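Structure assessment
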Amino acid sequence: MISVEELDRNLVIKVNKDAVMKIAVAGDLFTFDKGLYQLNLTVGGIPFKSHDLIQPMNTRMDGCMRSWNWLNGEETSIQETVQKSEKMQCFLVAGRGSFYPGRGFALFAIDYLHLSNEMQYEANWSIEVSAEINPATDTGVLFALVSDDKEVPLSLALVDYHSTVKVKRQATASGSVGPHVLCHGKRDPDICTDWSINCNDADRAVLCAVFEFIILSVKNTVVCRLEVNVCDKEHMVEISASRDHIQLSFDGILGQVELFDTELQIILSTLNDHIYQGVKTYIGGLPDVEVTRTPVTAFYQGCMTITVQEETLDLDNALQKHNDITSHSCPLIKSLK
């Protein structure tokens, strides 16, 4: 319990009824205006830039406050505001990570080129991304690079079997092993009617499973893919790319490259050109791009902690972030599935 009390031109801050800080106030705490005393309250931060503080500090609150009691209960406008806004309310159960609600994205400006000196770039570049994910839905963009002309030279996404026939056809053409059981086949049996397949109890676990893939794409071409089961726990997805290689892994298992060497070199050359021309980094979704530019355009829903170029991204530092994305807390994902 934290409380702030006024006492003889001092503000006394108490934690569990014990005074931990005393702040002297030079003037009046309350402003007399039109016959009323007014006091401005700011919750969760300060109403000016933090660099104007005498002692620099991070002033943004990152957490949840419950059981508010402002001015001994006389002020109710803050509580009423929170009740009307779902995004201002606390999760019933919260964990670590950033929560993406299935709408919006976070935008970052990240340079993937390596400097050889102050005047010029080296002839190489690299992209290193790792993401710890716990998705609530089975389709969505995790990470993407987008150029100024709305091309998508690189994207990492989840996709289910129904979302794209292309992925399934590639899997069949490559001669890969048939579908694995997803979540032990515990799906609604009626889903089989969508496929016009007659399932019995013996084969429902395989045939009625929704096949999920994690795919790494350059523009609209799937370069690497991996059939996955993401509905049981948190997972680690990693990608790396440079001028002469590209790699995808899921929980340490390497993805299958979908292209011949000659095709792969052409794709990497395309990615190389875009990197030098400049790209923007999108997390959790894409801006308004044509659906033909990349295999998946849906927004990601679920929890994710993402590291790019060995730096864990703080979504509060994004150039742009959808208001419904929570930067440092996640609900219980099982309740959303």
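Just above, that's the structure.
Summary of the structure given here. Worth saying up front: this structure is predicted, and the values here are computed from it rather than measured.

With that settled, the discussion passes to the sheet that holds strand S12 (residues 154–160). Spatially, S18-S14-S13-S12-S11-S19-S8-S22 is the arrangement adopted by the eight strands of the open sheet, whose pairing is antiparallel. On the outer flanks of this sheet lie strand S18 (256–257) and strand S22 (320–321), each paired with one strand and no other. The strands that helix H5 (residues 261–277) touches are strand S11 (140–146), S12, strand S13 (212–218), strand S14 (221–228) and S18; relative to S14, the one it contacts most, it runs at about 105 degrees.

Another aspect to go through is the pairing of S13. Summarising burial for S13: seven of the seven residues are buried, a large majority. Side chains of S13 alternate between two faces, with Glu212, Ile214, Leu216 and Val218 and Phe213, Ile215 and Ser217 buried alike. As judged from the six bridges shared by S12 and S13, these two strands associate in the antiparallel manner. Note that in S13 the partner of leucine 158 across the bridge is isoleucine 214. Here S13 pairs with S14 via seven bridges, running antiparallel. Across the sheet, the residue bridging to glutamate 212 is valine 228, located in S14.

Before going further, it helps to examine the packing of aromatic side chains. Enumeration over the complete set of coordinates arrives at two aromatic pairs. Arranged with centres 5.9 Å apart and planes meeting at 65 degrees, the rings of tyrosine 100 and tyrosine 300 form a pair that is edge-to-face. Here the residue tyrosine 100 occupies a position in strand S7 (residues 98–101), and tyrosine 300 occupies one in the loop between strand S19 (280–283) and strand S20 (301–308), the gap between them amounting to 200 residues. For the pair tyrosine 100 and tyrosine 300, one class covers both residues: buried. Considering the side-chain rings of phenylalanine 105 and tyrosine 282, the 4.9 Å spacing of their centres and the 75 degrees angle between planes classify their relative orientation as edge-to-face. Here phenylalanine 105, found in the loop between S7 and strand S8 (106–108), pairs with tyrosine 282, found in strand S19; they are 177 residues apart in sequence, far enough to count as distant. Across the pair, exposure class does not vary: phenylalanine 105 and tyrosine 282 are buried alike.

What counts, and at which threshold
- Residues numbered from 1 in each chain as written.
- Predicted model: local features only at pLDDT ≥ 70, side-chain atom pairs only at ≥ 80, totals over all residues.
- Heavy atoms only, no water.
- Pairing = 2+ DSSP bridges.
- Helix = DSSP H or I, 4+ residues; strand = E, 2+ residues; numbered from the N terminus.
- Contact = heavy atoms within 4.5 Å.
- Axes fitted to C-alpha atoms, helices over the stretch in contact; angles between N-to-C directions.
- Buried < 20%, exposed > 50% of the residue type's maximum accessible area, 1.4 Å probe, protein only.
- Phe/Tyr/Trp six-rings, centres within 6.5 Å; stacked < 30°, edge-to-face > 60°.

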